[in-house]
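# Structural overview for review
The primary structure of each chain is shown beneath.
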Amino acid sequence: QPSGYPAFPVFDIQTAALNVCPWPRRGGNKVLLKPFFASVAGSLYLLRGCHFDVLSAAPPPPDSTSRDDAAWAWSRVSSPPPFDDSNRISSFALHPDGRTLFISQDQSTFSFDTERQEWADHGIWTMPFRGQAYFDGELDAWVGLCCHKGGDGYLCASDVVPVAANCRSLPAWKLGKDRLFDAGSGRHLGATIVYMSDTKYCLIESLARDDEKDLRRQHQDGYYPHRRVISVSTFSLKYNKQGELTTTQRKVRSYEMTDAHQLPERSWKPVAFWM
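Report on the accompanying structure. Here the structure is a predicted model, which means the values were calculated and not measured. (Residues numbered from 1 in each chain as written. Predicted model: local features only at pLDDT ≥ 70, side-chain atom pairs only at ≥ 80, totals over all residues. Heavy atoms only, no water.)

## Points about the sheet that holds strand S11 (residues 131-136)
Spatial strand order, S10-S9-S8-S7-S11-S12-S13-S14: eight strands in an open sheet with mixed pairing. Every interior strand has two partners, whereas the edge strands, strand S10 (118-121) and strand S14 (173-179), have only one. When strand polarity is set aside, the average angle formed by the axes of neighbouring strands in this sheet is 25°. Where strand S13 (residues 154-158) and S14 come together, four bridges link them in antiparallel fashion. Bridge pairing in S14 places tyrosine 154 opposite arginine 179. (Pairing = 2+ DSSP bridges. Helix = DSSP H or I, 4+ residues; strand = E, 2+ residues; numbered from the N terminus. Axes fitted to C-alpha atoms, helices over the stretch in contact; angles between N-to-C directions.)

See the structure below:
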């Protein structure tokens, strides 16, 4: 790799091998914008600004039936996104058809069909989530952290949007009954939810240590929490007899980081995924 060219580690869960994958060369050799990643139908899609690329395995040679040795490479998606700033993506969710990705950006919602390589504009509305939402087959709904005022710290569930482009309004959604974290707390730094299948979820919250909680409000002056406490909650979801979205079998554990952060971070929101 050329000196200074950015790359990121890739872990193969089947072989337990660790490799290094370069960023797409097109669009410059520096990652100046926050990247947006989405995994759809066995391929990894990357949005940076208005650049749209996909990382996937090359088709096997004609005389081979195995893809085990197929090289993975970036390719430019033929249809660019209908917006030019991936930094302003507020939420996204994969449709249960397994091929269509819905994205809310600014005040609009779009979808991308990975088979047809086509975008659709669904109008001036946004999904009620903050970050990624997940389709829960048992609930027949998208589930994610609520983005609306008064819903911070709560989950919400939304009807799934039809893939037809003529769907141009926010689907019905409801706020969960139970607050999972206190977004207004001086210790709260960010939270991420991960779906583990069969209505089982994991919430990861990043917290400042109690003796550093006031530093969060002063970080613009050069002060910030140097140590983190990671709170991990696992739970299941169901609708109760009143039709309310409730959490069950909730378990919470906290882990304090032993090493202090030496430099401030652009984002305190934890990054997590489920394999």
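Next comes the rest of the write-up.
## So, the nonpolar core
If you look at the biggest cluster of nonpolar residues, it comprises 21 residues, and the most contacted ones within it are Leu155, Ile193, Leu203, Phe235 and Leu237. Secondary-structure elements contributing two or more residues to this core are strand S12 (141-145), S13, strand S15 (188-195), strand S16 (200-208) and strand S17 (228-239). In contact with leucine 237, not counting residues within four places along its chain, are Leu139, Val143, Leu155, Thr199, Tyr201, Leu245, Thr246 and Thr247. If you look at the next biggest cluster of nonpolar residues, it comprises 16 residues, including Ala38, Leu47, Phe83 and Ile103. (Core = buried A, V, L, I, M, F, W, Y, C linked by side-chain atoms within 4.5 Å. Buried < 20%, exposed > 50% of the residue type's maximum accessible area, 1.4 Å probe, protein only. Contact = heavy atoms within 4.5 Å.)

## Overview of the pairing of S17
Where S16 and S17 come together, nine bridges link them in antiparallel fashion. Within S17, the residue paired with isoleucine 204 across the bridge is valine 232. Where S17 and strand S18 (residues 245-256) come together, 10 bridges link them in antiparallel fashion. Its bridge partner being in S18, serine 231 is matched across the sheet by serine 254. In textbook terms, the turn of a hairpin is the stretch between consecutive antiparallel strands, and for S17 and S18 this stretch comprises five residues, one of which, glycine 243, has a positive phi near 80°.

## Considering the side chain of aspartate 136
With respect to the secondary-structure elements, aspartate 136 resides in strand S11. A polar contact of 2.6 Å, which involves the side chain of aspartate 136, links it to the side chain of tyrosine 201. (Polar contact = N/O pair within 3.5 Å; in protein donor to acceptor, adjacent residues only side chain to side chain.)

## Structural notes on the sheet that holds S15
Backbone hydrogen bonds hold the strands of a sheet together, and the pairing may be parallel or antiparallel. Read from one edge to the other, the open sheet built from four strands follows the order S15-S16-S17-S18, with strand pairing classed as antiparallel. Only two strands of the sheet have a single neighbouring strand rather than two, namely S15 and S18. Averaged over neighbouring strand pairs, the angle between their axes works out to 20° when direction is ignored. Pairing of S15 with S16 involves seven bridges; the strand directions are antiparallel. Its bridge partner lying in S16, histidine 188 is registered against leucine 207.

## A few points about unusual backbone geometry
Phi is positive for alanine 41, close to 50°, though the residue is something other than glycine. If you trace the backbone, alanine 41 turns up in the loop between strand S3 (36-40) and strand S4 (43-48). You will see that aspartate 140, though not glycine, has its phi angle at about 55°, which is positive. The residue aspartate 140 is located in the loop between S11 and S12 in this model. Classification of aspartate 140 as exposed rests on a relative accessible area of 53%.

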